[in-house]
Amino acid sequence: MNKTIAGFSKLSKSQKIDWIVKTYFSNAEGTKSILKQYWNTNEKLQQLHDEFIENTITNYYLPFGVAPNFLINGKHYTVPMAIEESSVVAAASKAAKFWLDRGGFKTEVISTNKIGQVHFMFSGDYKTLNTFFERVKPKLITDCNGITKNMERRGGGILNVELVNKTEAIPNYYQLHATFETLDAMGANFINSCLEQFAKTLKEQAALYDGFSETEKNIDIVMSILSNYVPDCLVRVSVSCPVNELSETEAISGRDFAEKFVQAVNIAEVEPYRAVTHNKGIMNGVDAVVLATGNDFRAIEAGVHAFAARDGQYRSLSHAKVEGDTFTFWMDIPLALGTVGGLTGLHPLVKLALELLGHPSAKELMQITAAAGLAQNFAALKSLTTTGIQQGHMKMHLLNILNQFEATAEEKSKLIKNFKDNTVTHSAVVEALNKLRSKA
Ligand code: MEV
């Protein structure tokens, strides 16, 4: 059977579904009914989702949860999180509550600059190119006036454009490396529009420049695109308390806990295998807030991991120390987030998430998101260095297993009780469920 198709995007939604179901599925009606189950009965809302992307055939739901009790710079937040991993919201809430009683999170936006580049080829003399660039630079910026007018009125815009010689890496390769301030917008459209205008002006002006030879006049633009590496769009978050306030059980003293915790962070600073998992834990919190607030989690992920490897080795984003009697845990993380534009004004749940956060500015959202990341990291390391991670994880996982086997409310309640004192493993849960069912 032919499994390819021409003109798929032109088909109606039901024609698309018919083709997919007929071509790839044995149970056509069953497949259609699953797809339909996830449609929204509110036609307008469904249409909105249909139009977010091309070829929408249904909606893919993720749980939207909240982590209450975040205290950030003295202000209380309930943080929205969209994520499927069972323990993440629970862990964030637990860490938020822990630090609520110990002064909360302190955050500070260090910088908010974003980067974009025009990559181009120029065969000729660098000095001549540089002289041309210095001459054309004001025009590069003024030609963008139509794009930058509104952003400038609000205090943002193009901060600088530089010529970068990359010919040691690739013959004839140069860049216009530009920095931007995009305020509350993530700014991708703004930056890319400016870059494409830079490229146009650069090419046109080079063709007219008397100082260039005929070959030099022919600048070859390769591409113009923002960078998701944003080491100068940085937020710092920290928590701190006396070591003796750290322990919640008799089993371990605050100082022993602090020292073990610091060791665990130090390991992630020097050992890339551990650092990746350590940072993954941070991103559990970060991505969940990024997604709930309609931001681009792929961009955030790419930028954060590049930052974690900025000195040539992939390292922990967070750091911890004990100085005298004080424990401090902190991180700097690059987060280019927006609270206007994109999905923020479109997706009803994103609007709700932003309202829940009190309509934050992009800077405030950077701080909240960083706090969620550090909270997540704290919760993971606290479990890992004390009870181990599986105890908490499997408790949350229990419900997933029970749902997988379509346990009734009564079965769930009995088994949750049963597993309060027993180790949760997949096989133990299945066995217990089977036993319960055979008794019934
Ligand atoms: C699981 O999603 C995240 C952790 O592995 C993070 C970590 O190991 O620090 C628990």
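Let me begin by describing the structure that accompanies this report. (Residues numbered from 1 in each chain as written. Predicted model: local features only at pLDDT ≥ 70, side-chain atom pairs only at ≥ 80, totals over all residues. Heavy atoms only, no water.)

In the vicinity of the ligand, the contacting residues are Glu-85, Arg-274, Thr-277, His-278, Lys-280, Gly-281, Asn-284, Ala-380, Leu-384 and Ile-389. Glu-85 is positioned with one of its side-chain polar atoms (N or O) 2.5 Å from an oxygen atom of the ligand. A distance of 2.6 Å separates an oxygen atom of the ligand from a polar atom in the side chain of Lys-280. When isolated, the ligand has an accessible area of 300 Å², and the protein chains bury 86% of it. Because more than half of its atoms lie within 2 Å of the grid, the ligand is assigned to the second largest pocket. (Near = heavy atom within 4 Å. Polar contact = N/O pair within 3.5 Å; in protein donor to acceptor, adjacent residues only side chain to side chain. Areas by Shrake-Rupley, 256 points an atom, 1.4 Å probe, with all protein chains shown as cover. 1 Å grid on protein atoms, 1.4 Å probe; cavity = no way out; pocket = protein on both sides within 12 Å on 5 of 7 lines; lining within 4 Å. Sits in = over half its atoms within 2 Å of the grid points.)

Another point: the packing of aromatic side chains. Describing an aromatic ring pair means giving the distance of the ring centres and the angle of the ring planes. Applying the stated rule across the entire model yields 24 aromatic pairs. With a centroid separation of 4.9 Å and an interplanar angle of 70°, the aromatic rings of Tyr-38 and Tyr-61 are classed as edge-to-face. Here Tyr-61 lies in the loop between α3 (43–52) and β1 (64–72) and Tyr-38 lies in the loop between α2 (28–37) and α3, a separation of 23 residues in the sequence. In this structure Tyr-38 comes out as partly exposed when scored by relative accessible area, which is 35%. An aromatic cluster of three or more residues is present, and its members are Phe-98, Trp-99, Phe-257, Phe-261, Phe-327, Phe-329 and Phe-378. It is Arg-310 that lies over the ring of Phe-307; its NZ or CZ is 3.8 Å from the centre. (Phe/Tyr/Trp six-rings, centres within 6.5 Å; stacked < 30°, edge-to-face > 60°. Helix = DSSP H or I, 4+ residues; strand = E, 2+ residues; numbered from the N terminus. Buried < 20%, exposed > 50% of the residue type's maximum accessible area, 1.4 Å probe, protein only. Lys NZ or Arg CZ within 6 Å of the ring centre and 35° of its normal.)

Over its 17 residues, helix α8 (residues 254–270) runs 25 Å from end to end, which matches the ideal 24 Å to within 8%, given 1.5 Å per residue. Residues of α8 that are buried: Gly-254, Phe-257, Ala-258, Phe-261, Val-262, Ala-264, Val-265 and Ala-268. Each buried residue of α8 sits inside an arc of 160° when the element is viewed along its axis, so together they form one side. Packing partners of the buried residues in α8 comprise α9 (272–292), β9 (318–323), β10 (326–334) and α12 (362–385). (Expected span 1.5 Å × (residues − 1). Arc of directions from axis to C-beta. Contact = heavy atoms within 4.5 Å.)

Moving on to the packing of helix α14 (residues 409–418) against helix α15 (residues 426–439). Running from amino to carboxyl end, α14 crosses α15 at an angle of 130°, the nearest separation of the two axes being 11 Å. One finds that α14 runs oblique with respect to α15. As for how α14 packs across α15, the hand of that crossing is right-handed. Each of Glu-411, Lys-414, Leu-415 and Asn-418 in α14 lies in contact with α15, whose residues at this interface are Ala-432, Leu-433, Leu-436 and Arg-437. (Axes fitted to C-alpha atoms, helices over the stretch in contact; angles between N-to-C directions. Parallel < 35°, antiparallel > 145°, perpendicular 65-115°, else oblique. Left-handed = near helix turned anticlockwise from the far one by under 90°.)

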